[in-house]
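Next come the chains, spelled out residue by residue.
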Amino acid sequence: NQNGLNPEFFSMPAVNLAYGGQDYMLDSALFFHFAAQMPQLRFLLLEFDSHNLEFRNDCSYFRLPWYYRYYGIEPCPVPLLHKISLYASSVPFFNNYLLTAMNPLEPSYQLNDWGYMTNDFPGVFEDIQYDEAAIMADAKERLTNKHADISTENYALNTATLRHILDYCRKKGVQPILLTTPAHRSYRNAFIPEKDRRRKELQISLLQEYPELIRLDFESDVSFATRDFKNEDHLNPRGAEKLTKKLDDYLKSIVLR
């Protein structure tokens, strides 16, 4: 969703708090941190993609100090040194970042006023010139270990977190929306049946428990072409503009009811 939603194309004020590697624990911490400061909050878009229900960072996750520094949240205790120095939180990561930043051949990314990366096109699909045959031919090798973790324990923790968020939304009159973003067919073909079955079962359960909940599923939306993707499971800015405008039209239709 960091790649998939560009707040520039929403008619109402919006913010994208998604980030790569962010799990439901961090989603929840961010939501409850900011929701209390936003009495006019109307909608909440929650990711409901194939992999994130069984994924959860542990307290050694190197990006946790970043959330402490920039958002003031601490879902796990952050060591004092990492509070003082982000560099110390992951020396290899920042060394690689500095080397990349100093390389004149690396692209210079541009952010809009909402913090969205507007030229984030480079990726495997662009590298192979959006050749559908080549994408499908190499997909199995490329996706062998991608989002392959299976954890019923994480599933239980994440579903409890989701329900906690949905309970708050019900209490405060915030409209929650479970959103599944577009995925290229090469990625959909690689779904792990066991994980996908649990996701579908949870969807049914949540819609029964929370009749007000809205489910929007763009996972197999044929209006998104290969050129709308950065890779198998991330849209590029072109695709994000298309998805955001679709969502904006839907949200405006709710407001006007």
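Figured I'd write up the structure that's included with this text. (Residues numbered from 1 in each chain as written. Predicted model: local features only at pLDDT ≥ 70, side-chain atom pairs only at ≥ 80, totals over all residues. Heavy atoms only, no water.)

### Some words on the overall build of the protein
Link 1 in the chain: Within the protein, the secondary structure is distributed over 11 helices and five strands.
Link 2 in the chain: A compact globule built from 257 residues should have a C-alpha radius of gyration of about 18 Å, and the protein, at 19 Å, falls within 12% of that.
Link 3 in the chain: Taken over the C-alpha atoms alone, the protein extends approximately 50 × 50 × 40 Å along its principal axes.
Link 4 in the chain: Here the protein, with 257 residues, has 42% of them falling under the buried criterion.
Link 5 in the chain: Restricting the contact set of the protein to residue pairs at least 6 apart, pairs at least 24 apart contribute 76%.
Link 6 in the chain: Total accessible area on the protein is roughly 14,000 Å²; 54% of this is exposed by carbon and sulfur atoms.
Link 7 in the chain: Each charge class in the protein was averaged separately, 28 positive and 34 negative side chains, and the resulting centres sit 4 Å apart. (Helix = DSSP H or I, 4+ residues; strand = E, 2+ residues; numbered from the N terminus. Rg over C-alpha atoms; globule rule 2.2 N^0.38 Å. Buried < 20%, exposed > 50% of the residue type's maximum accessible area, 1.4 Å probe, protein only. Contact = heavy atoms within 4.5 Å. Areas by Shrake-Rupley, 256 points an atom, 1.4 Å probe, with all protein chains shown as cover. Lys, Arg positive; Asp, Glu negative; His and termini not counted. Charge placed at Lys NZ, Arg CZ, Asp CG, Glu CD.)

### Thoughts on the packing of aromatic side chains
Link 1 in the chain: In this structure the tally under the stated criterion is 14 aromatic pairs.
Link 2 in the chain: Taking 5.3 Å as the distance between ring centres and 55 degrees as the angle between the ring planes, the aromatic pair formed by Trp66 and Phe93 counts as tilted. Taken together, the residues span a long stretch of sequence, with Trp66 in helix 2 (residues 64–71) and Phe93 in helix 5 (residues 91–101) at a distance of 27 residues.
Link 3 in the chain: Under the relative-accessibility criterion, Trp66 is labelled buried at 12%.
Link 4 in the chain: One aromatic cluster is present, formed by Tyr19, Tyr61, Phe62, Trp66, Tyr87, Phe93 and Phe94 through successive ring pairs.
Link 5 in the chain: The ring of Tyr155 is capped by Arg198, whose NZ or CZ atom sits 5.9 Å from the centre of that ring.
Link 6 in the chain: Above the face of the Phe224 ring, Lys242 is positioned so that its terminal group lies 5.4 Å from the ring centre. (Phe/Tyr/Trp six-rings, centres within 6.5 Å; stacked < 30°, edge-to-face > 60°. Lys NZ or Arg CZ within 6 Å of the ring centre and 35° of its normal.)

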